[in-house]
Amino acid sequence: MKVVRGGTVVESHWSAPADLLIEDGTIAAVLAPGTDIDPAAEIIDATGKLVMPGGVDPHCHVGFTSGEFTSLDSYRECTTAAVFGGTTTIIDFAIPRPGQEPLDAAEKQRAKASEGLCDSALHACVVEWNDTTAGQLATMAGAGIRTVKMFTTYAGETMANEHTILKTMQTTRDLGGMVVIHCESDAIVTEAQNLAAASAAIDASRMSLTRPELAETASVAAILAIAESQQAPVYFVHQSTPAAVELVAEARQRGLVAFTESVAHHLVLDDSRYRGEHPERFVCCPPLRSADIVEGLGRHLFTGHITTIGSDHCCYDTAQKNVHRHDVRHMPNGLPGVETRLPVIYSHYVDRLGLSPSRFVELTSANPARTNGLYPRKGSLMPGADADIAIWDPDLEWTVTVDALHMATDYTPYEGCRLRGKPTTVLVRGTVVVHDGELADPTPRGRHLEAAPLDFDAAPNSSPML
Ligand code: URP
Ligand code: ZN
Ligand code: ZN
């Protein structure tokens, strides 16, 4: 038995001084501050701290192969970095390689969960519809893999056509699942890339020009139309412009179950990084946008139109990024971020811009759990929830340096950034894994989490957005 004592508990809908009683890896009770407890209980002092549910990262690529590159981390490495950053659940992707079936990809990726220091769940992925796809989706739903990643870009790798997207939406809807989709019009992107290549302007510093904002909005509009035609729920990953977010918000007003995810780098970093010393380190899809767009996107954290914040973690290193730095069409896309997602967003939006700690928990923990069928076991500190807890020092000032982080790469996009607020002690199912910023228990204890059927009408305590 343990008690987290003296802190302010922050849930997605309230926060108040309270103590937490932990038994058998779960929250046994939320107690009035200072309530008498069994003297044998281990006390974890949280005086002056914020006691939050551990983060749930809804968008995390682990050991992800795309083209000729594989991102560098194992489950153990990725989840070690995650817990140092206050995240206690990651949701990874089982992306089939060309010719591989989705079920095979899911089974292989799921087998890695036990290497993790924390729990994980999976998004499946469908690239091409065939006679076996519906059956594979049903088998995966039966194993609690209910969300299905799709792409409207990356032709020849993972791009799906509209027939495949529509069929997958119908089928996942009927299985209590949801399509989660990367939207960029491949036609607009390809044309922009061809134009850039023709004028020898296709190196990493031109990344923004090769994937224009209109590519994203055009694709979001097309996918919303398909989802509405089928009344299928849909979740848009890494939306990077306010225009794209607003299209989804309008569809929600028309009654569609539709969600927006934004990722930390699109909310904090702008395209000036492509004019800096290491443009290759910032190559991701969609690309970083102008400062005005970043500000407009960030405003939607406050309007409520953004549902979740992910990391889109991809652990490539500078050497991998540099192999094709003169041609973005062949570079590995994506930024390392599972460890920095929470501190960067907390510092920028809670500490500096006044987002409430509860909304922070909603965006980074509770809503990712809700939209993935994991709530309230994850994303909450109510009795019965797993005791996945991040105890934050809201006043701790620190500078991000790659040497002090734990991701399996040689750089961080936030090098030198001054932040305020950091998780100092982190529990996974009641075990202290990080204490005072040190790894306290490296035992792999990760479990594959089975998503419950998604039922947004019936979700208890759900946000008005859900
Ligand atoms: O640049 C990115 N986002 N790379 C990872 C794959 C994806 O599109 O999510
Ligand atoms: Zn993507
Ligand atoms: Zn991604």
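If you check an unreviewed UniProt entry, the chain appears there as Dihydropyrimidinase from Nocardia carnea.

1. With respect to the site of ligand 1
Near ligand 1 lie 14 residues; those nearest to it are Tyr-154, His-182, Cys-285, Asp-312 and Asn-333. Contact distances for ligand 1 include 2.7 Å between an oxygen atom and a backbone N or O atom of Cys-285. Bound to the protein, ligand 1 loses 99% of the 260 Å² it would expose on its own. Put simply, ligand 1 lies in the largest cavity. In terms of residue class, the shell around ligand 1 is built from six nonpolar, six polar and two charged.

2. Concerning the coordination of the zinc ion (ligand 2)
Protein coordination at the zinc ion (ligand 2): the donors are His-182 (ND1) and His-238 (NE2), at 2.1 Å from the metal. Geometry at the zinc ion (ligand 2) is irregular, judged from its four donor atoms and the angles of 58 to 148 degrees they form at the metal. For the pair the zinc ion (ligand 2) and the zinc ion (ligand 3), the metal-to-metal distance amounts to 3.7 Å. Taken together, the residues span a long stretch of sequence, with His-182 in strand E14 (residues 178-182) and His-238 in the loop between strand E15 (234-236) and helix H8 (242-253) at a distance of 56 residues. Here His-182 matches His-238 in class, with each residue buried.

3. Focus on empty space enclosed by the protein
Evaluated as defined, the whole model comprises four cavities of 30 Å³ or more. Approximately 120 Å³ is the volume attributed to the largest cavity. His-61, Phe-64, Tyr-154, Asp-312 and Asn-333 are, among the 15 residues lining the largest cavity, the residues nearest its centre. Put simply, the second largest cavity is a space of about 50 Å³. If you go around the second largest cavity, the residues you meet are Ile-91, Ala-121, Leu-122, His-123, Gly-144, Ile-145, Arg-146, Thr-147, Asn-372, Leu-374 and Ala-451. Among the elements that take part in the lining of the second largest cavity, strand E12 (residues 119-125) stands out by supplying three residues, more than any other. A per-class count over the lining of the second largest cavity returns six nonpolar, four polar and one charged.

Cut-offs used in this document
- Residues numbered from 1 in each chain as written.
- Chains lettered and ligands numbered in written order.
- Predicted model: local features only at pLDDT ≥ 70, side-chain atom pairs only at ≥ 80, totals over all residues.
- Heavy atoms only, no water.
- Near = heavy atom within 4 Å.
- Polar contact = N/O pair within 3.5 Å; in protein donor to acceptor, adjacent residues only side chain to side chain.
- Areas by Shrake-Rupley, 256 points an atom, 1.4 Å probe, with all protein chains shown as cover.
- 1 Å grid on protein atoms, 1.4 Å probe; cavity = no way out; pocket = protein on both sides within 12 Å on 5 of 7 lines; lining within 4 Å.
- Sits in = over half its atoms within 2 Å of the grid points.
- Nonpolar A, V, L, I, M, F, W, Y, C, P; charged D, E, K, R; others polar.
- Donors = N, O, S within 2.8 Å, 3.2 Å for Na, K, Ca; no water.
- Tetrahedral: all angles 85-135°; square planar, octahedral: opposite > 155°, others 65-115°.
- Helix = DSSP H or I, 4+ residues; strand = E, 2+ residues; numbered from the N terminus.
- Buried < 20%, exposed > 50% of the residue type's maximum accessible area, 1.4 Å probe, protein only.
- Points joined across faces, edges and corners; volume = space filled by probe spheres on them.

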